[in-house]
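Observations on the model geometry
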Amino acid sequence: MSSTKVVDEIKKMTVMELAELIKTLETTFGVSAAAPVAAAPVATAAAAPAAAAAEEKNEYKVTLKEAGASKINVIKALRAVTSLALGAAKEAVENTPFVIAEAAPKEEAQKIKKELEAAGAKVELA
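Residues numbered from 1 in each chain as written. Predicted model: local features only at pLDDT ≥ 70, side-chain atom pairs only at ≥ 80, totals over all residues. Heavy atoms only, no water.

1. Side note on the sheet that holds strand E3 (residues 122-125)
Strand pairing in a sheet is mediated by backbone hydrogen bonds. Such pairs are either parallel or antiparallel. The strand order across the open sheet built from 3 strands is E2-E1-E3, with neighbouring strands paired in antiparallel fashion. If you trace the sheet from one side to the other, it starts and ends with strand E2 (98-105) and E3, each paired once. Each strand of the sheet is rotated relative to its neighbour by a mean of 25 degrees, with strand direction disregarded. Both strand E1 (residues 59-66) and E2 contribute to a ladder of 5 bridges, which runs antiparallel. Counted as the bridge partner of Tyr60 is Ala104 from E2. (Pairing = 2+ DSSP bridges. Helix = DSSP H or I, 4+ residues; strand = E, 2+ residues; numbered from the N terminus. Axes fitted to C-alpha atoms, helices over the stretch in contact; angles between N-to-C directions.)

This is how it looks when you write it as structure tokens:
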């Protein structure tokens, strides 16, 4: 099978199916899909606050931590801010924590968080 055919098949998958595929590939090949983390040099105490202020994050990982009491409203909100199908959104709400977006722009991440928290969910931006 060519790489183009593989990519075409992956495009047809839901988020939950992709997550399952990644886990299977990691197990089968003994690898990790997580991005490698490079060791950062140790900064002095005075330089750390200045560096933190200079580097504002542009992308955020958006994670649904808890659905809260109104799961139906959270499922509706999750479907409104993502392209998840009803079944995938329901599964995501029932299996928290669930990563909604890996590298969402700041404005989009804040919008997702606001919508889901308005529905009663707890959302974390990292």
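Having seen the model, we can carry on.
2. Some points on the pairing of E1
The pairing of E1 with E3 spans 4 bridges and is antiparallel. Residue pairing across strands places Leu64 opposite Val123, the latter belonging to E3.

3. Digging into helix H2 (residues 15-29)
Here H2 spans 21 Å end to end across 15 residues, near enough to the 21 Å set by a 1.5 Å rise per residue. Immediately downstream of H2, the backbone of Gly30 shows phi near 65 degrees, a positive value. (Expected span 1.5 Å × (residues − 1).)

4. Some words on the packing of helix H4 (residues 71-81) against helix H5 (residues 86-94)
Running from N to C, H4 and H5 cross one another at 125 degrees; their axes reach a closest spacing of 9 Å. It follows from the interaxial angle that H4 and H5 lie oblique. The hand of the H4/H5 crossing is right-handed. Of H5, the residues touching H4 (which contributes Lys71, Val74, Ile75, Leu78 and Arg79) are Leu86, Ala89, Lys90, Ala92 and Val93. Here the contact of H4 with H5 is composed, by residue class, of 7 nonpolar, no polar and 3 charged. (Parallel < 35°, antiparallel > 145°, perpendicular 65-115°, else oblique. Left-handed = near helix turned anticlockwise from the far one by under 90°. Contact = heavy atoms within 4.5 Å. Nonpolar A, V, L, I, M, F, W, Y, C, P; charged D, E, K, R; others polar.)

5. Brief notes about unusual backbone geometry
Cis geometry marks the peptide bond from Thr96 to Pro97, where omega comes out at 0 degrees. Tracing the chain through its elements places Pro97 in the loop between H5 and E2.

6. What to know about the pattern of salt bridges
Across all of its chains, the model carries 5 salt bridges by this definition. With its nearest N and O atoms 4.0 Å apart, the salt bridge here joins Lys65 to Glu124. Here the residue Lys65 occupies a position in strand E1, and Glu124 occupies one in strand E3, the gap between them amounting to 59 residues. In this structure, Lys90 and Glu94 form a salt bridge, with 2.9 Å as the shortest nitrogen-oxygen distance. In this pair, Lys90 and Glu94 both sit in helix H5, 4 residues apart, roughly one turn of the helix. Residue class for Lys90 comes out partly exposed when judged on its relative accessible area of 41%. Here Glu94 falls in the partly exposed class, since its relative accessible area comes to 45%. (Salt bridge = Lys/Arg side-chain N within 4 Å of Asp/Glu carboxyl O. Buried < 20%, exposed > 50% of the residue type's maximum accessible area, 1.4 Å probe, protein only.)

7. Examining the side chain of Thr63
Take Thr63: it is sitting in strand E1. A relative accessible area of 7% means that Thr63 is categorised as buried. What Thr63 contacts, discounting residues up to four positions off in sequence, is Pro97, Phe98, Val99, Ile100, Lys122, Val123 and Glu124.

8. Structural notes on the confidence of the model for the protein chain
The predicted coordinates should not be examined in detail at positions where pLDDT is low. Per-chain confidence: the protein chain averages 80 in pLDDT, with 81% of residues scoring 70 or above. Within the protein chain, the lowest mean pLDDT, 53, falls on helix H3 (residues 47-54), and the highest, 91, falls on E3. (pLDDT = per-residue confidence, 0-100.)

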